Amino acid sequence: MTTPDAVPLGGPRFQTEPATLYREMRRDHGSVVPVTLDGDVPAWLVLGYRELHQVTGDPVLFSRDSDLWNQWENIPADWPLLPMIGRKQPSILYTVGERHRQRAAMVSNALEAVDPFELRRHAERFADELIDGLCGAGEADLVAQYAMLLPVRVLARLYGFPDEDGPGLVTALNDMIDGRERALAGQAHLATSMGQLLADRKKEPAADVVSRMLADDSGFSDEEIAQDLMVMMAAGHQPTADWIGNSLRLMLTDTRFAASLFGGRNSVAEAMNEVLWEDTPTQNVAGRWAARDTHLGGRRVRAGDLLLLGLQGANSDPQVRTDASALTGGNNAHFSFGHGEHRCPFPAQEIAEVIARTGIEVVLDRLPDIDLAVPAESLGRRPSPWLRGLTGLPVRFTPVPAR
């Protein structure tokens, strides 16, 4: 049953003023907030740092098994959030216990085998190609023409996709993650593409991520591997694209990072880390399900209730961020990659960081006098409470020749 004062998880304030919105939620409701999803579906949003640590650190009480959800009878077949909150999805996201640990090992091993020098070469080459396509114009949208295209091109190459499949995968992933009317169509396109790649690699293995997962001896089915590849592609592309865009925005608008625009490479890493704390691409994650009645943050949580992981809310929890205005420096205790046994695998984090940092450094190397082409306050965000990314980043610069 929906709580009378539940907060709708949607609306323009998630785009325009999320920090203020999370502060108000915490003030009015505490660290565990009653919210409603599309269709007035109830859930809890965990905003407290300690409470989120508790939820993500106890996979038995707060399970990833979505079959536990007590709302399935109220969920229509065309619910737009089904790609994000699925039932009986045979992916790593919803596997629990020992089987999950085996599965996580398969994914980590396949990603860990990626040669870091090869990864950097791919990222630099694709980044340079994208810059070549816009550097002569003197102006560009670094989200639409660059950040939104780079991660998926690199990941597609690592997985084994032909380069020409990249644009269709970008569109499908964006539709799926935004959770709106095109979400199910995007999921279908991605599933078809993954199925075809899997079939191709079974016939002709290669030195890529897909072939390594197929060669794993843990006994996972083709469908399970295809689902995991979809999860990896979605989790690897969009947040990394937003990491690039949000970091470039910070460097172009915050005087603390002015050195980044003039060759100060240390400040690139500092800006990227600051974004993970203050403007993290993955704002909220669905989710966990209570395995039994319990209490969390002063709230009575019923068996089968859905708990959403409020990563950005926890990152800005005043109980742990006593001086929110201070630079975070080398502090990596944020929740932006999750926590516990379902956190983002470490090799995946490394790949995302290499792609994002390379993408940012290529922009600064190739377009050294880059500047915003519009007022900073006019920059818009995508309409999603889940992922926080720019709809555009218009810039201007002195035209330079392609390489």
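Quick note: structure is the one above.
Position numbers for residues count from 1 along each chain, tracking the sequence in the order it is written. Reporting of local features is limited, given that this is a predicted model, to residues whose pLDDT is at least 70; pairs of side-chain atoms are given and counted only at 80 or more, and all residues count toward the totals for whole chains, interfaces and linings. The basis for every side-chain value is the complete set of heavy atoms in the structure, and neither hydrogens nor water enter the calculation.

K.L.:
Is there a simple way to explain the overall build of the protein in this structure?
P.N.:
Secondary structure summary: the protein contains 14 helices and 11 strands in total. A radius of gyration in this sense is built from C-alpha atoms; the matching globule rule multiplies 2.2 Å by the number of residues raised to 0.38. The C-alpha radius of gyration computed for the protein amounts to 21 Å, which stays within 12% of the reference 22 Å derived for 403 residues, consistent with globular compactness. Burial analysis of the protein (403 residues in total) assigns 54% to the buried set. Taking contacts inside the protein between residues at least 6 apart in sequence as the whole, the part at least 24 apart equals 72%. We count a stretch as a helix when DSSP gives it H or I for four or more residues in a row; a strand needs E for two or more, and each element gets its number in order from the N terminus. Relative accessibility decides the category of a residue: with a 1.4 Å probe and only protein chains considered, values under 20% of the type maximum give buried, values over 50% give exposed, and everything between is partly exposed. The criterion used for residue contact is that any of the two residues' heavy atoms lie within 4.5 Å.

K.L.:
Before we go on, may I ask you to explain helix α3 (residues 49-57) in this structure?
P.N.:
For an α-helix, 3.6 residues make a turn, and residues three or four places apart therefore share a direction. What α3 keeps buried is the set Tyr49, Glu51, Leu52, Val55 and Thr56. Taken around the axis of α3, the buried residues stretch over an arc of 160 degrees, which confines them to a single face. For this quantity, the arc is that covered by the directions from the helix axis to the C-beta atoms.

K.L.:
Quick question: what am I supposed to make of the nonpolar core here?
P.N.:
The tendency in soluble globular proteins is for nonpolar side chains to be buried as a group. Membership of the largest hydrophobic core comes to 80 residues, with the highest contact counts inside it found for Tyr159, Met233 and Leu393. Element by element, the count of residues in this core is highest for helix α11 (residues 222-253), at 15 residues. Setting aside residues up to four positions removed in sequence, Leu393 forms contacts with Ala140, Asp141, Leu142, Val143, Gly245, Leu248, Arg249, Leu252, Leu372 and Leu379. Of all hydrophobic cores here, the second largest spans 26 residues; its members include Leu37, Val41, Trp69 and Trp72. Among buried residues, those of type Ala, Val, Leu, Ile, Met, Phe, Trp, Tyr and Cys that are joined through side-chain atoms within 4.5 Å constitute a nonpolar core.

K.L.:
Can you help me understand the side chain of Asn315 in this one?
P.N.:
Checked against the element boundaries, Asn315 lands in helix α13 (residues 311-315). With a relative accessible area of 0%, Asn315 lands in the buried category. Distance and chemistry together define a polar contact, namely a pair of N or O atoms within 3.5 Å, with one atom able to donate a hydrogen and the other to accept it when in protein, and with adjacent residues in sequence counting only for side-chain atoms on both sides. Engagement of the side chain of Asn315 in a polar contact is seen with the backbone oxygen of Leu276, the distance being 3.0 Å. The residues contacting Asn315, other than those within four sequence positions of it, are Leu276, Trp277, Thr280, Arg321, His334, Phe335 and Ser336.

K.L.:
How should I be thinking about the pairing of strand β6 (residues 284-290) in this particular structure?
P.N.:
Within a regular beta strand, the side chains point alternately toward one face of the sheet and then the other, so they alternate between its two faces. Extensive coverage of β6 is indicated by the burial of 6 of its 7 residues. Two strands are counted as paired when DSSP detects at least two bridges linking them. Looking at chain direction, strand β4 (residues 62-63) and β6 are connected through 2 bridges and run antiparallel. Residue Ser63 lies in a different strand from β6, and its bridge partner there is Trp289. Direction of pairing for β6 relative to strand β9 (residues 306-310): antiparallel, over a ladder of 5 bridges. Paired with Asn284 across the strands is Gly310, a residue of β9.

K.L.:
What is the right way to look at unusual backbone geometry in this model?
P.N.:
The omega angle of the peptide bond from Ala286 to Gly287 is -15 degrees, so this bond is cis rather than trans. Relative to the helices and strands, Gly287 is located in strand β6. Phi is positive for Asp40, which is not a glycine, with a value near 65 degrees. For Asp40, the position within the fold is in the loop between β2 (32-37) and β3 (41-46).

K.L.:
Honestly, the sheet that holds β9 in this entry has me stumped. Any pointers?
P.N.:
Within a beta sheet, neighbouring strands are joined by backbone hydrogen bonds and run either parallel or antiparallel to one another. Across the sheet, 6 strands lie side by side as β1-β2-β3-β9-β6-β4; this open sheet has mixed pairing. The outermost strands of the open sheet, each flanked by one partner alone, are β1 (7-8) and β4. On the sheet, helix α2 (residues 18-29) packs against β1, β2, β3 and β6 and is oriented at approximately 115 degrees with respect to β2. An axis is simply a line fitted to the C-alpha atoms; with a helix, the fit covers only the stretch in contact. Between two such axes, the angle follows the N-to-C directions and lies from 0 to 180 degrees. α3 rests against β2, β3, β4, β6 and β9 of the sheet, and its axis sits at about 125 degrees to β9.

K.L.:
Can you help me understand the side chain of Ser193 in this one?
P.N.:
Position of Ser193 among the secondary structure elements: in helix α9 (residues 183-203). When its relative accessible area of 16% is taken as the criterion, Ser193 is described as buried. Leave out the neighbours within four places in its chain, and Ser193 touches Phe161 and Leu169.

K.L.:
Which parts of the structure should I look at to understand the packing of α9 against α11?
P.N.:
Between two packed helices, the angle of one axis relative to the other and the distance separating the axes together describe the packing. Remark: α9 packs on α11, axes separated minimally by 9 Å, with the N-to-C direction vectors making an angle of 125 degrees. As the angle between them shows, α9 and α11 are arranged oblique. Crossing angle aside, the handedness with which α9 passes α11 is right-handed. Within the contact between the two elements, α9 uses Gln187, Leu190, Ala191, Met194, Leu198 and Lys202 and α11 uses Asp222, Ile225, Ala226, Leu229, Met230 and Met233. Roughly parallel here means an angle under 35 degrees, roughly antiparallel means over 145, roughly perpendicular means 65 to 115, and every remaining angle is called oblique. Left-handed describes a crossing in which the near helix is turned anticlockwise from the far one by less than a right angle; the clockwise case is right-handed.

K.L.:
I'm lost on the pairing of β3 in this one. Help?
P.N.:
In terms of burial, β3 is a largely internal element, 6 of the 6 residues being buried. Residues of β3 alternate between two faces, with Val41, Ala43 and Leu45 on one and Pro42, Trp44 and Val46 on the opposite face, all of them buried. For β2 and β3, the ladder comprises 6 bridges, and the chain directions are antiparallel. Looking across to β3, one finds that Val32 is bridged to Val46.

K.L.:
Just to check I follow, could you spell out the sheet that holds strand β5 (residues 139-141) for this structure?
P.N.:
With antiparallel pairing, 3 strands are arranged side by side in an open sheet as β5-β11-β10. Looking at strand neighbours, the two that pair on one side only are β5 and β10 (371-372), the edges of this open sheet. One ladder, built from 3 bridges, connects β5 with strand β11 (residues 394-396); its direction is antiparallel. Opposite Glu139, over in β11, you have Arg396 as the bridge partner.

K.L.:
Would you take a moment to explain the pattern of salt bridges for this structure?
P.N.:
Here, a salt bridge means any Lys or Arg side-chain nitrogen found within 4 Å of an Asp or Glu carboxyl oxygen. Going through the model one piece at a time under the given rule, you end up with 22 salt bridges. Among the ionic pairs, Arg101 bridges to Glu341, the shortest N-O distance being 3.2 Å. One end of the pair, Arg101, is in helix α4 (residues 97-112); the other, Glu341, is in the loop between α13 and α14 (346-366), with 240 residues separating them in the sequence. The class of Arg101 is partly exposed, set by a relative accessible area of 42%. The exposure class assigned to Glu341 is partly exposed, which follows from its relative accessible area of 30%. The closest approach of N and O atoms between Arg381 and Asp279, which form a salt bridge, is 3.0 Å. Here Asp279 lies in the loop between α12 (265-278) and β6 and Arg381 lies in the loop between β10 and β11, a separation of 102 residues in the sequence. Across this residue pair, the class does not change: Arg381 and Asp279 are buried. Because the salt bridges share partners, they merge into one network encompassing Arg120, Glu124, Arg357 and Glu361.

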